[in-house]
Amino acid sequence: MTPDPHPIDFTDVSAHLAGRSLDVRWIHGSESAKHNADPELQVHHYDAHTVILRQNMAVNYEAPFLFLLFGNDRAVLLDTGATAAPELFPLRRVVDELVASWLDRHPRPGYRLVVLHSHGHGDHVAGDAQFADRPDTVVVGAELATVRAFLGLDDDLDRPALLDLGGRVLTCLPGPGHHPAAISYYDPFTGFLLTGDTVYPGRLYVSDWDAYTATIDRLIAFAAAHPVSHVLGCHIEMSSEPGVDYPIRYTYQPDEPPLQLGVDRLQAVRDALEKADGRAGRHVHDDFVIVYGTS
């Protein structure tokens, strides 16, 4: 590969702080999904090298958030949304446009894209096939063995892996409990701790209580040792009214709380787990609901 003549210094975080904001009014559906006029994907440029996308609720009620992070050598797309059909959910087109725009500003040869996932549930992998024939692209399956092999993870869940995008190095933290192959990603460039469906303002579905508790413990320890600016999950399901979540399959959420969470939310979830003590049911708290052993 030809050396990059203008490498971006992703270690000089202070040079990239201007304009960063998560003060966003996310698209949140409408009373009539049929007449919804929002784009299929909302695009928010957090900074020149970090893009947050949200799927339209009128396309799929899950309305997941996706993350596109650019490095000097390659970009990574974390999750591909809840809808496969490009005519309904043109993820590939939007990502191609975003990559082309970034390369116009930062030209370099042989630029690649890696498609990874927070975990393997259908609302996070449905768009994978849109990238199957994309040049210079690797789509990493969300199965446990596949993602661990690609990232270089093993059975030692206390040993994270590093993913180098070219000067922008993500820490990949295995985090089972919601899903066996769940991964959280830490990006020191933004300070984002991307927690998928493990922690977010919504219903935290726990499939394995002990594994989930251990994952929260590891995230707390990691956040205590690293400068985390925001904890970002992949959904918003709570309303701004304490303890009230929007009904499942609801496609209009006009009173959402922010997506971004402070690191104190990790401890709040851990305290809630301690209180619930492995009992099945819905354990309702002001800002999240833990769901275990029930739908």
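Residues numbered from 1 in each chain as written. Predicted model: local features only at pLDDT ≥ 70, side-chain atom pairs only at ≥ 80, totals over all residues. Heavy atoms only, no water.

Focus on the pairing of strand E4 (residues 74-78)
Burial analysis of E4 places five of its five residues in the buried class, which makes it a mostly covered element. Side chains Arg74, Val76 and Leu78 project from E4 onto one buried face, and the interleaved Ala75 and Leu77 project onto a second face that is buried too. With four bridges connecting them, strand E3 (residues 65-70) and E4 associate as antiparallel partners. Looking across to E4, one finds that Phe70 is bridged to Ala75. (Buried < 20%, exposed > 50% of the residue type's maximum accessible area, 1.4 Å probe, protein only. Helix = DSSP H or I, 4+ residues; strand = E, 2+ residues; numbered from the N terminus. Pairing = 2+ DSSP bridges.)

Comments concerning the side chain of Arg218
Along the chain, Arg218 turns up in helix H4 (residues 209-225). For the buried residue Arg218, which engages in no salt bridge, the nearest side chain bearing the opposite charge is Asp158, 4.2 Å off. Beyond its immediate sequence surroundings of up to four residues, Arg218 is in contact with Leu157, Asp158, Pro174, Gly175 and Pro176. (Lys, Arg positive; Asp, Glu negative; His and termini not counted. Salt bridge = Lys/Arg side-chain N within 4 Å of Asp/Glu carboxyl O. Contact = heavy atoms within 4.5 Å.)

Considering the sheet that holds strand E12 (residues 230-233)
Ordered by their spatial adjacency, five strands build an open sheet running E7-E8-E9-E10-E12, and the pairing between neighbours is mixed. The two strands at the open ends of the sheet, each matched to only one other strand, are strand E7 (161-164) and E12. The mean inter-strand angle of the sheet, taken between neighbouring strand axes irrespective of direction, is 25 degrees. In the packing of H4 onto the sheet, the strands contacted are strand E8 (169-174), strand E9 (183-187) and strand E10 (192-196), and the crossing angle to E8 comes to about 150 degrees. (Axes fitted to C-alpha atoms, helices over the stretch in contact; angles between N-to-C directions.)

Quick look at the pattern of salt bridges
In this structure the tally under the stated criterion is 15 salt bridges. Close ionic contact of Glu237 with Arg203 constitutes a salt bridge, the shortest N to O distance being 3.7 Å. Here Glu237 is found in the loop between E12 and helix H5 (264-276), whereas its partner Arg203 is found in strand E11 (residues 203-206), with 34 residues between them in sequence. Through salt bridges that share partners, Arg92, Asp96, Asp133 and Arg134 make up one connected network.

Remarks on the sheet that holds E11
The three strands lie next to each other as E11-E14-E13, forming an open sheet whose pairing is mixed. Each edge of the open sheet carries a strand with a single partner, namely E11 and strand E13 (281-284). On average, adjacent strands in this sheet sit at an angle of 20 degrees to one another, irrespective of strand direction. Relative to strand E14 (residues 289-292), E13 is paired through four bridges, and the arrangement is antiparallel.

Concerning the nonpolar core
Ranked by internal contacts, the top residues of the largest apolar core, which has 29 residues, are Val76, Leu116 and Leu151. Broken down by secondary-structure element, the contributors of at least two residues to this core are E3, E4, strand E5 (112-116), helix H3 (144-151), E7, E8, E9 and E10. Among the elements that take part in this core, E3 stands out by supplying three residues, more than any other. Setting aside anything within four residues of it in sequence, one finds Leu116 in contact with Val76, Leu77, Leu78, Asp79, Val140, Val147, Phe150, Leu151, Leu163 and Tyr185. By size, the runner-up hydrophobic cluster in this structure holds 23 residues, among which are Leu204, Val228, Leu261 and Leu266. (Core = buried A, V, L, I, M, F, W, Y, C linked by side-chain atoms within 4.5 Å.)

Digging into the packing of aromatic side chains
As enumerated under the stated definition, the model contains eight aromatic pairs in all. Taking 5.0 Å as the distance between ring centres and 80 degrees as the angle between the ring planes, the aromatic pair formed by Phe10 and Phe189 counts as edge-to-face. Of this pair, Phe10 sits in the segment before strand E1 (41-47) while Phe189 sits in the loop between E9 and E10, placing them 179 residues apart in sequence. Ring geometry for Tyr46 versus Phe192: centroids 4.7 Å apart, planes at 50 degrees, classification tilted. Here Phe192 lies in strand E10 and Tyr46 lies in strand E1, a separation of 146 residues in the sequence. Take Tyr46: its relative accessible area is 6%, and that puts it in the buried class. A residue is classified by how much of its surface remains accessible, and Phe192, at 0% relative accessible area, is buried. Here the aromatic cluster, defined as three or more aromatic residues joined through ring pairs, consists of Phe70, Trp102 and Tyr111. (Phe/Tyr/Trp six-rings, centres within 6.5 Å; stacked < 30°, edge-to-face > 60°.)

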